[in-house]
Structures are given as C-alpha cells and as structure tokens.
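Fold and contact review
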Amino acid sequence: MQNAQTTGPVRIGLIVGSTRPGRRGAAVAGWVTEVASRHPAVRGGDAVVELVDLAEQELPLLDEPVPALFGDYRHPHTRRWSTVVGGCDAFVFVTPDYNRSIPAALKNAVDYLYAEWNDKAAGVVNYGVQGGNRAGDHLQAVLGEVRVAVVPTRVSLSLFTDFDFSQAQPGDPTAGRIAPAGEREEALVTMLAEVVSWSRALRATAGEPARVG
Ligand SMILES: Cc1cc2nc3c(=O)[nH]c(=O)nc-3n(C[C@H](O)[C@H](O)[C@H](O)COP(=O)(O)O)c2cc1C
C-alpha cells in the first residue's frame, strides 16, 4: 500500500483481527469482501477494499521503547505495519469476541501506531456466540483513543443464527459455514456507505488544526 490519498478512491483496509489457526475471521472477511465487491461505491470506483490480515503481519507483543504517539519507530516490523496502516484512508475491522473483548493480537496491532490511525473512518463487524457486541464496544473505545471515527452502523454476526452448522462434525471447534441472515448484508452495505462518506468528509479536513483555542 502507498500513503493515504486526499483524492481518488477511498482505500479501505479490511483488518482481520483474529490470528488463530482455524479462525472463523477469514470466512467473515471473505463475506465482507464479497458484499463489498457488489457495493455501488466499489463498483463505481469510489472505494477499494484491501485485505489486511494480522496473521501475516507477524507483530510481536509491543516491543517499541518509545510510545507510538512520538512516531519514533525502531523496528522493521513496526515500520512495515506503519506503511500498511498509513496507506489506508479508512478501515473495516473484523473482530471476534474473546472473553468479552477483542483478541490480544488486534489490541496489540492498534497500540503499535498512532498518527497512522488518526482522523480516519472505520466500520466494525463483530461476531461471536452472542454476536460479539462486547468486543465491538471495546474496539470502538480503543479506536477513539487513536482518533479513529467509528461509523454508527455496526454488523453483528451470531454463531447461532449467522453460521450454518448442518454439515459440521460434532466437536469440531473450527466448524460452521458463514451464512448471514439477510439483514446482516443490509447493515454491511449501509456501514460501507457510511465509511466512504465519513472518510471523504475527514479527508476534507486533513491538515486543519485538530483543536481550536
Ligand atoms: C479465547 C476465546 C474466548 C471466547 N470468548 C467468547 C465470549 O466471551 N463471548 C462470545 O460470544 N464468544 C466467545 N468466544 C467464541 C468466539 O467468538 C468464536 O469462537 C469465534 O469464532 C472466534 O473467532 P475466530 O474463529 O476468528 O478466532 C471465544 C472464543 C475464544 C477462542
């Protein structure tokens, strides 16, 4: 990815927040990608969606000596991650609920950077046994600290209603084909439109002072 642009299509980084082998996150991200490819904003050239898989970033637990706020990165993995996030204009986060919150890998990835997140729009797709909203709520609070504007529409997928276990082998912890209810796609379409329009609005303010007075 290159640096975020002030013109041209909105580049949306689709961040896959779980990293474990057999994760459902890859299938959820595949569904988001498929719906996005049919979205008017993408078809019309106003937005592009690029997969950002945390499992491929290989970020260790935060090992930078200087807080990200100062942008003084010492490690190649941080500079690589900085280029990836800095190249996005906006984000869609795909996160499961792990014990009432987001996966440690996702929190760690957010903590690595600061300016690269600032003043960008994001949508959240959360999933879990109970829909994953507690993880989504935590993620929204975390993103607020790095000045990411989370759009109002969120997509919540429940393992009970939005995955099909009819072909699953008993006891298989990776089982379940993604099969979201119709209104989930409607919510995702709305969310993507909000991400694009908020991102354009935030681009228009780029370079203006963050605070007045
Ligand atoms: C460590 C761990 C903790 C979990 N905690 C919760 C939870 O608190 N609430 C919930 O609804 N689901 C919970 N789940 C179920 C996950 O949301 C579900 O298995 C989901 O598929 C995990 O995402 P992944 O497959 O992308 O790793 C948990 C799963 C794991 C692995």
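All figures in this text were calculated on a predicted structure; none of them were measured in a lab. (Residues numbered from 1 in each chain as written. Predicted model: local features only at pLDDT ≥ 70, side-chain atom pairs only at ≥ 80, totals over all residues. Heavy atoms only, no water.)

The next thing to look at is empty space enclosed by the protein. Once rolled over the atoms, a probe with the size of a water molecule shows which space is left empty. Applying the stated rule across the entire model yields one cavity of 30 Å³ or more. Taken as a whole, the largest cavity spans an internal volume of roughly 30 Å³. Contributing to the lining of the largest cavity are Ile12, Ala36, His39, Ala41, Val42, Ala47, Leu192 and Val196. Broken down by secondary-structure element, the contributors of at least two residues to the lining of the largest cavity are helix H2 (40–43) and helix H7 (182–204). (1 Å grid on protein atoms, 1.4 Å probe; cavity = no way out; pocket = protein on both sides within 12 Å on 5 of 7 lines; lining within 4 Å. Points joined across faces, edges and corners; volume = space filled by probe spheres on them. Helix = DSSP H or I, 4+ residues; strand = E, 2+ residues; numbered from the N terminus.)

A complete count under the given rule lists four aromatic pairs for this structure. Geometrically, the ring pair formed by Trp81 and Trp117 is edge-to-face, given 6.2 Å between the ring centres and 70° between the ring planes. Here Trp81 is found in helix H4 (residues 76–86), whereas its partner Trp117 is found in the loop between helix H5 (104–111) and strand S4 (120–128), with 36 residues between them in sequence. For Trp117, a relative accessible area of 1% translates into the label buried. When the centroid spacing of 5.8 Å and the interplanar angle of 45° are considered together, the rings of Phe91 and Phe93 count as tilted. Among the residues examined, Phe93 registers a relative accessible area of 1% and is labelled buried. Every member of this aromatic cluster is reached through a ring pair, and the members are Trp81, Phe91, Phe93 and Trp117. (Phe/Tyr/Trp six-rings, centres within 6.5 Å; stacked < 30°, edge-to-face > 60°. Buried < 20%, exposed > 50% of the residue type's maximum accessible area, 1.4 Å probe, protein only.)

Counting residues in hydrophobic clusters, the biggest one holds 29 residues, and the most contacted among them are Val125, Leu157 and Leu188. Among all residues touching Leu188, those that are not within four sequence positions of it are Trp31, Val32, Val35, Val125 and Val155. Listed in part, the 28 residues of the second largest apolar core include Ile15, Leu59, Trp81 and Trp117. (Core = buried A, V, L, I, M, F, W, Y, C linked by side-chain atoms within 4.5 Å. Contact = heavy atoms within 4.5 Å.)

Moving on, we get to the layout of surface pockets. What the second largest pocket holds in volume is close to 200 Å³. Arg24, Pro96, Asp97, Tyr98 and Gly128 are the residues nearest the centre of the second largest pocket, which is lined by 16 residues in total. Of the residues assigned to the lining of the second largest pocket, the class counts are five nonpolar, six polar and five charged. (Nonpolar A, V, L, I, M, F, W, Y, C, P; charged D, E, K, R; others polar.)

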